[in-house]
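# Coordinate analysis (summary)
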Amino acid sequence: MTATTLAPATTEVLIQLRPADEWLAVCPLSRLTPGRGVAALLPDGRQVALFLDRDGVPYAVDNRDPFTGAQVLARGLVGSAAGRPFVASPLLKQRFDLSTGRCLDDESVAVAAYEVRVA
């Protein structure tokens, strides 16, 4: 008689974003901590900053701070202003709306914001 070992089925919940026409799995949801960012490299070489707010809603914006050119937004401080979630750049402290990418401190500046889902 041969012993058979069965491994329990595991399904990793993934954060996916849509940088173009198709959804792209970026990282497991378990890698995100509410209120803290994680940087991810896309296949085309761009970097995105992923966030999970305290309500469990995921967001993704470009990781590049347009004011300095540094890839640092994933290290920024997460907060909210007028009910809108934002990340503040750790360098010059400009705030970027996590839903739209619009800079809350200079309306002429924005970063790309990506559609995100948990699958």
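Summary of the structure given here. (Residues numbered from 1 in each chain as written. Predicted model: local features only at pLDDT ≥ 70, side-chain atom pairs only at ≥ 80, totals over all residues. Heavy atoms only, no water.)

For side chains bearing opposite charge, pairing can occur when the charged atoms are close. As enumerated under the stated definition, the model contains 4 salt bridges in all. Across the salt bridge formed by D105 and R95, the nearest N and O atoms sit 2.9 Å from each other. Of the two residues, D105 is situated in the loop between β8 (95-97) and β9 (113-118) and R95 in strand β8; the sequence distance between them amounts to 10 residues. (Salt bridge = Lys/Arg side-chain N within 4 Å of Asp/Glu carboxyl O. Helix = DSSP H or I, 4+ residues; strand = E, 2+ residues; numbered from the N terminus.)

A word on the side chain of N63. Here N63 lies in the loop between β5 (58-62) and β6 (77-81). Judged by relative accessible area, N63 falls into the buried class, the value being 2%. Among the polar contacts made by the side chain of N63, one reaches the main-chain amide nitrogen of A74 at a distance of 2.7 Å. For N63, the contacting residues outside a window of four places in its chain are A39, Q47, V48, A49, A70, Q71, V72, L73 and A74. (Buried < 20%, exposed > 50% of the residue type's maximum accessible area, 1.4 Å probe, protein only. Polar contact = N/O pair within 3.5 Å; in protein donor to acceptor, adjacent residues only side chain to side chain. Contact = heavy atoms within 4.5 Å.)

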